Amino acid sequence: MGCPGKRWSERPWRCFKESLDVALGLVVFGHSDTLWDLAIAEVEKRENPDNDDDVKPGEVWEKSILFMGNKNGGKTTIILRCLEREESPKPTLALEYTFGRRARRHNTPKDVAHFWELGGGTSLVELIRIPITSHNIRSFAVVLVLDLSKPNELWTTMESLLQVTRSHVNKILTKLEKTNPEVAAEIKQRMWNDLQRDHPDYALVDPFPIPLVIIGSKYDIFHELDSEMRKIISKTLRFVSHYYGASLVFTSRSEALLLKARALINHLAFGYDKSKSVSVDPSKPLFIPAGLDSMSQIGPPPASDSDLGKMRVNTPLELWKKVFEKTFPPKSFCDLQDTKDPAQDNQYTEYEVDVMRAQKNQELEQYKRNASKSWKEMDFDSD
């Protein structure tokens, strides 16, 4: 294989090798450029790092989005629609990655959006440490997909995923406060961008540390539920989204609804203009961009005054949780685990791999018996 031009001969071999590894990964995911083009682009990117928040004309920006939520909640379908790919969605194993590229204007470099998808519902939530790092935290966002047809799983799924994600992001911010305080301060300030200081709810909310979009999926099934149940779910999700400074949209396989979800995601991924339209009618699919709702419009939790007076809570979020779970008792955490082991799925059978896996499983069991420290005590964050 020959080097494509003089400029490549000026690049050191080590830099090329690292870039080649990245390029190989991109080729696997269907990138149309040649391996050489990808490697060169990666080298140039490393030699001339861009500031994502101050992208100049002609420069490329990169954003990353993590999709998580209910198992079989429609995350893959939403990603494929956003990337305009005509593919049939397949079950997501653990953590999967793909990407999309868009040009802001004609004859300009294409921006890149990295899409990560967490499978398994809440069972693999610790894997969020892999895509969210101190290196990309400034350009990272989260999309939480909640299955509206399973209200008894809704709060537990949302709470588990957002708590772990927030804890991890806060851990990164704590480190950045010591190593790069300006960036940490910028990220914390950006949390409040969608809610001005004169907003009446400024002191009542607790914005998520990075941009967040909440998608209620399977609206077509949800629409068949009892009207009072729909009102409680809709009202609760409006409060949660507003409390976290998130955008909220209900969607289904309907093309019109998918386009609304796509608009919010494109804003995060490619910097497209943010929609200003709002739909808060509980008899219709909700669409509320961050910062365009209020506690006064949402109203109090759907419970009697006497019931509310008996509930001992410390935050508005806890109050709404108690009211919601009174109507929709949550499933136990164990019920939400993905009990099926993907390694036992016949569609992924490979004899050599399975034999090696069995051997490694035996070695792992032996290690766990001998090790003096549990894996839970280890720090997997290499940042």
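The rules behind the values
- Residues numbered from 1 in each chain as written.
- Predicted model: local features only at pLDDT ≥ 70, side-chain atom pairs only at ≥ 80, totals over all residues.
- Heavy atoms only, no water.
- Buried < 20%, exposed > 50% of the residue type's maximum accessible area, 1.4 Å probe, protein only.
- Helix = DSSP H or I, 4+ residues; strand = E, 2+ residues; numbered from the N terminus.
- Pairing = 2+ DSSP bridges.
- Phe/Tyr/Trp six-rings, centres within 6.5 Å; stacked < 30°, edge-to-face > 60°.
- Expected span 1.5 Å × (residues − 1).
- Polar contact = N/O pair within 3.5 Å; in protein donor to acceptor, adjacent residues only side chain to side chain.
- Contact = heavy atoms within 4.5 Å.
- Axes fitted to C-alpha atoms, helices over the stretch in contact; angles between N-to-C directions.
- Parallel < 35°, antiparallel > 145°, perpendicular 65-115°, else oblique.
- Core = buried A, V, L, I, M, F, W, Y, C linked by side-chain atoms within 4.5 Å.
- 1 Å grid on protein atoms, 1.4 Å probe; cavity = no way out; pocket = protein on both sides within 12 Å on 5 of 7 lines; lining within 4 Å.
- Points joined across faces, edges and corners; volume = space filled by probe spheres on them.
- Nonpolar A, V, L, I, M, F, W, Y, C, P; charged D, E, K, R; others polar.
- pLDDT = per-residue confidence, 0-100.

## Some remarks on the pairing of strand β5 (residues 212-217)
Here is step 1 of the chain: Counted residue by residue, β5 has six buried out of six residues, so it is predominantly covered.
Here is step 2 of the chain: What you see with β5 is no split at all: L212, I214 and G216 on one side and V213, I215 and S217 on the other are buried throughout.
Here is step 3 of the chain: Pairing between strand β4 (residues 140-147) and β5: six bridges, direction parallel. By the bridge assignment, V142 is partnered in β5 with L212.
Here is step 4 of the chain: Examined bridge by bridge, β5 and strand β6 (residues 247-250) share four bridges and lie parallel to one another. Bridge pairing links I214 to L248 in β6.

## Side note on the packing of aromatic side chains
Here is step 1 of the chain: A complete count under the given rule lists 13 aromatic pairs for this structure.
Here is step 2 of the chain: Between W192 and Y202, the aromatic rings sit 4.5 Å apart at their centres with planes inclined by 35°, giving tilted as the arrangement. Here W192 is found in the loop between α6 (181-190) and β5, whereas its partner Y202 is found in the loop between α6 and β5, with 10 residues between them in sequence.
Here is step 3 of the chain: A ring pair is formed by F239 and W320, whose centres lie 4.8 Å apart and whose planes are at 5°; its orientation type is stacked. Within this pair, whereas F239 is found in helix α8 (residues 227-243), its partner W320 is found in helix α12 (residues 316-327), the two being separated by 81 residues in sequence. Grouping residues by exposure puts F239 and W320 together as buried.
Here is step 4 of the chain: Within the aromatic cluster, the residues linked to one another by ring pairs are F208, F239, Y243, Y244 and W320.

## As for α8
Here is step 1 of the chain: With 17 residues, α8 ought to run about 24 Å at 1.5 Å a step, and its terminal C-alpha atoms sit 24 Å apart, in line with that.
Here is step 2 of the chain: Taken as a whole, α8 has its buried residues at R230, I232, I233, S234, T236, L237, R238, F239, V240, S241, H242 and Y243.
Here is step 3 of the chain: Put simply, D226 is the residue that caps the front of α8, since its side-chain oxygen is 3.0 Å from the backbone nitrogen of E228.
Here is step 4 of the chain: Two residues or fewer after α8 comes G245, characterised by a positive phi angle close to 65°.

## So, the environment of L146
Here is step 1 of the chain: Tracing the chain through its elements places L146 in strand β4.
Here is step 2 of the chain: Residue classification places L146 among the buried residues on the basis of a relative accessible area of 0%.
Here is step 3 of the chain: Along the backbone, L146 and I215 are 69 residues apart, and their C-alpha atoms lie at a distance of 6.1 Å.
Here is step 4 of the chain: With sequence-adjacent residues up to four places away left out, L146 is seen in contact with N70, L154, T157, M158, I214, I215, G216, S217 and L237.

## Focus on the packing of helix α4 (residues 75-82) against helix α9 (residues 255-270)
Here is step 1 of the chain: Where α4 contacts α9, the two axes come as close as 10 Å, and the packing angle between them is 75°. Compared by their axis directions, α4 and α9 come out roughly perpendicular. For the pair α4 and α9, the contacting residues are I78, R81 and C82 in the first and E255, L258, L259, R262 and I265 in the second.

## Description of α4
Here is step 1 of the chain: For α4, a buried count of seven out of eight residues is recorded, marking the element as mostly surrounded by other parts of the structure.
Here is step 2 of the chain: Among all positions of α4, only K75, T76, T77, I78, I79, L80 and C82 are buried.
Here is step 3 of the chain: E84 lies just past α4 and shows a positive phi near 55°.

## Here's the deal with the nonpolar core
Here is step 1 of the chain: L144 and L212 are the most contacted members of the largest nonpolar core, which totals 52 residues.
Here is step 2 of the chain: Here L212 is in contact with V142, L144, L162, Y244, A246 and S247, once residues within four sequence places are set aside.
Here is step 3 of the chain: Listed in part, the 22 residues of the second largest apolar core include A113, F115, I215 and L264.

## Section: empty space enclosed by the protein
Here is step 1 of the chain: Enumeration over the complete set of coordinates arrives at three cavities of 30 Å³ or more.
Here is step 2 of the chain: Estimated volume of the largest cavity: approximately 80 Å³.
Here is step 3 of the chain: What lines the largest cavity is a set of 13 residues, and nearest its centre among them are L195, H242, G245, A246 and G291.
Here is step 4 of the chain: Here the lining of the largest cavity is built from residues that sort into eight nonpolar, four polar and one charged.
Here is step 5 of the chain: Its volume calculated, the second largest cavity comes out at about 50 Å³.
Here is step 6 of the chain: Together, R238, S241, H242, A246, L248, I288, P289, A290, G291 and D293 line the second largest cavity.
Here is step 7 of the chain: Take the lining of the second largest cavity: its biggest share by element is three residues, from α8.

## Here we look at the environment of L162
Here is step 1 of the chain: Note on placement: L162 falls in helix α5 (residues 151-179).
Here is step 2 of the chain: When its relative accessible area of 3% is taken as the criterion, L162 is described as buried.
Here is step 3 of the chain: Taking the C-alpha atoms as reference points, L162 and L212, separated by 50 residues in sequence, lie 9.8 Å from one another.
Here is step 4 of the chain: Dropping the residues within four chain positions of it, L162 is found in contact with M68, L144, F208, L212 and Y244.

## Brief notes about the confidence of the model for the chain
Here is step 1 of the chain: On average, the chain scores 79 in pLDDT, and the residues at 70 or more come to 75%.
Here is step 2 of the chain: The low-confidence segment residues 1-33 (pLDDT under 50) makes 46 contacts with residues lying over four places distant or belonging to another chain.
Here is step 3 of the chain: Note on residues 47-54: pLDDT is under 50 here. Beyond four places in sequence and across chains, it has 13 contacts.

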